[in-house]
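Below, each chain spelled out in residue letters.
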Amino acid sequence: MIPQSSPVSAYLGQRDEIDAAILRVLGSGRYILGNEVREFEREFAAAHRAGWAVGVASGTDAIEIALRVLGVGPGDGVLTVSHTAVATVAAIARIGAVPLFVDVDQARYTMSPGSLREALERTAGKARAVVAVHLYGQPAAMPEILALARAYALPVVEDCAQAHGASLDGHPVGTWGDLGCFSFYPTKNLGAFGDGGAVVGVDERHLDALRAVREYGWETRYVSRQFGVNSRLDELQAAVLRVRLAALDDDNRRRRNIADLYDEGITADCIIKPPRFPDAKHVFHQYVIQTPQRDHLQKALADHGVASLVHYPKAVHQQPAYDDESFQPVALPNTEDVVSRVLSLPMFPEMTLAQVAAVCAAVMRCLP
Ligand SMILES: *Cc1c(COP(=O)(O)O)cnc(C)c1O
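Remember, it's a predicted structure, so these values are computed and weren't measured experimentally.

About the thresholds
Residues numbered from 1 in each chain as written. Predicted model: local features only at pLDDT ≥ 70, side-chain atom pairs only at ≥ 80, totals over all residues. Heavy atoms only, no water. Helix = DSSP H or I, 4+ residues; strand = E, 2+ residues; numbered from the N terminus. Rg over C-alpha atoms; globule rule 2.2 N^0.38 Å. Buried < 20%, exposed > 50% of the residue type's maximum accessible area, 1.4 Å probe, protein only. Contact = heavy atoms within 4.5 Å. Areas by Shrake-Rupley, 256 points an atom, 1.4 Å probe, with all protein chains shown as cover. Domains from an automatic or database assignment. Buried area = accessible area lost by both parts, 1.4 Å probe. Near = heavy atom within 4 Å. Polar contact = N/O pair within 3.5 Å; in protein donor to acceptor, adjacent residues only side chain to side chain. Nonpolar A, V, L, I, M, F, W, Y, C, P; charged D, E, K, R; others polar. Pairing = 2+ DSSP bridges. Phe/Tyr/Trp six-rings, centres within 6.5 Å; stacked < 30°, edge-to-face > 60°. Axes fitted to C-alpha atoms, helices over the stretch in contact; angles between N-to-C directions. Parallel < 35°, antiparallel > 145°, perpendicular 65-115°, else oblique. Left-handed = near helix turned anticlockwise from the far one by under 90°.

**A look at the overall build of the protein**
- Counting its secondary structure elements, the protein contains 13 helices and 14 strands.
- In terms of overall dimensions, the protein is globule-like: its C-alpha atoms have a radius of gyration of 20 Å, near the 21 Å expected for 368 residues.
- When the backbone C-alpha atoms are referred to their principal axes, the protein occupies close to 65 × 55 × 35 Å.
- Buried positions account for 57% of the 368 residues belonging to the protein.
- Considering only residue pairs separated by 6 or more positions, the protein has 70% of its internal contacts joining residues 24 or more positions apart.
- Working note: accessible area of the protein is about 14700 Å², and carbon and sulfur atoms make up 52% of it.

**Concerning the domain arrangement of the protein**
- We note that the domain assignment places domain 1 (7-245) and domain 2 (248-366) within the protein.
- Taking only C-alpha atoms into account, the centre of domain 1 sits 23 Å from that of domain 2.
- Opposite the 42 residues of domain 1 that make contact, domain 2 presents 38 residues.
- Buried surface at the junction of domain 1 and domain 2, both sides included, amounts to about 3500 Å², of which 56% is carbon and sulfur.

**Structural notes on the site of the ligand**
- As a matter of local geometry, the ligand sits amid 15 residues, with Thr60, Asp159, Gln162, Ser183 and Lys188 nearest to it.
- In the environment of the ligand, an oxygen atom lies 2.8 Å from a nitrogen or oxygen atom belonging to the side chain of Gln162.
- Within the side chain of Lys188, one N or O atom sits 2.6 Å away from an oxygen atom of the ligand.
- In isolation the ligand has 390 Å² of accessible area, and contact with the protein removes 90% of it.
- Elements that contribute at least two residues to the shell around the ligand include exactly helix H4 (59-69) and helix H5 (86-94).
- Taken together, the residues that form the shell around the ligand break down as 5 nonpolar, 8 polar and 2 charged.

**Concerning the pairing of strand S5 (residues 156-159)**
- Here S5 shows a buried face lined by Val156 and Glu158 and a second buried face lined by Val157 and Asp159.
- The pairing of strand S4 (residues 127-133) with S5 spans 4 bridges and is classified as parallel. From the neighbouring strand, Ala132 faces S5, where its bridge partner is Glu158.
- Of the strand pairs in this sheet, S5 and strand S8 (residues 179-183) are connected by 3 bridges, and their pairing is parallel. When the bridges of S8 are listed, Asp159 appears paired with Cys181.

**Regarding the packing of aromatic side chains**
- Within the structure shown, the criterion is met by 10 aromatic pairs.
- With 5.4 Å between their ring centres and 80° between their planes, Phe40 and Phe184 make a pair best called edge-to-face. With Phe40 in helix H3 (residues 35-47) and Phe184 in the loop between S8 and strand S9 (197-201), this pair connects stretches of sequence that are 144 residues apart. For the pair Phe40 and Phe184, one class covers both residues: buried.
- Look at Phe44 and Phe182: their rings are 4.9 Å apart centre to centre, the planes differ by 90°, and that puts the pair in the edge-to-face class. Residue Phe44 is located in helix H3, and its partner Phe182 is located in strand S8; the two are separated by 138 residues in the primary sequence.
- Through a chain of ring-to-ring contacts, three or more aromatic side chains come together here, namely Phe40, Phe44, Phe182 and Phe184.

**Points about the packing of helix H11 (residues 294-303) against helix H13 (residues 353-366)**
- Between H11 and H13, the shortest axis-to-axis distance is 9 Å and the interhelical angle comes to 125°. As summarised for this structure, H11 and H13 are arranged oblique, according to the angle between their axes. Where H11 crosses over H13, the handedness of that crossing is right-handed. Residues His296, Leu297, Ala300 and Leu301 of H11 lie in contact with H13, whose contacting residues are Ala362, Val363 and Cys366.

**A closer look at the side chain of Gln286**
- Structurally, Gln286 can be placed in the loop between strand S12 (280-281) and strand S13 (287-290).
- For Gln286, a relative accessible area of 6% corresponds to the buried category.
- Among the polar contacts listed, one links the side chain of Gln286 to the side chain of Gln4, at a separation of 2.9 Å.
- Ignoring any residue separated from it by four or fewer positions in sequence, one finds Gln286 in contact with Gln4, Tyr136, His311, Ser344 and Leu345.

Quick look at the structure:
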């Protein structure tokens, strides 16, 4: 079976360096917020041309903490998409804030600026922030989204959990808006071997507050001047991430190369392939095709030894926990349309050319 993703291949590809990094931490005696986290934060910020980065315990926490620091509180509305990992919305809900869903653009799969404009007009006075998601590794239309948010004086958080190293107009994701949030879940483009996350930014204004909120609200040790949580990136994951970060550009190049090969090898009118935009560097966290016969294709691919996944089988507003009508006063036709048709083919940097060719052949053979 060709797997859909393969974090173990990432480990095996850098095994000696990763083992050495882990042993270094174990012998150091320092396991929480030490040198490894500090150095990783510096290196990760530089890689995204950010001013700084703050390591936290997960991507969900990164979004929650970013929103808290930007002043979002209970009852506040947060404009975001429903076609995303449920984590984006769980982070909003954990503050007691209310997700206000905006439809996606059919081509990019990311927040539609037109739909955002309508939502801003409709929810004026209720929305306190916007969370844009760079889904599948494709940058969202940040210039348009930022212009709209600025017109309403709303801060913008970027959910970059699927877009490490992606850029738009040559500028990396994460620092277009006010704060950028990353996840290091093992299957992400930059994955740890456990949970982890980070918030990046340019403006130093939020830095102290982010560091305080991730650790009990401490201003200095044992002095909590504000509310805080426990959401620390640990030394072991940070040491692993430093090794993995050195390979990120190469890994993203391989992902883009695999996408090119899929583009060439999959040629059928009933399949819509991921669009490319000249201004955007897509990093292919997922290679997502659309077809009306999605369920049939997925099953047939499995019979031919090719694993695939649906990201995501239900939009967030279709999940039992989030189907409250107050979140979704208008229809989300593009969102509901794409969730019924998307399919993510195998995509991981260590895929061999033979595997890529086998996936292309299987797709072509399995079409109805
Ligand atoms: C993975 C992911 C998250 C959550 O990250 P965790 O580290 O699992 O908490 C948030 N948003 C998106 C778009 C994701 O893909």
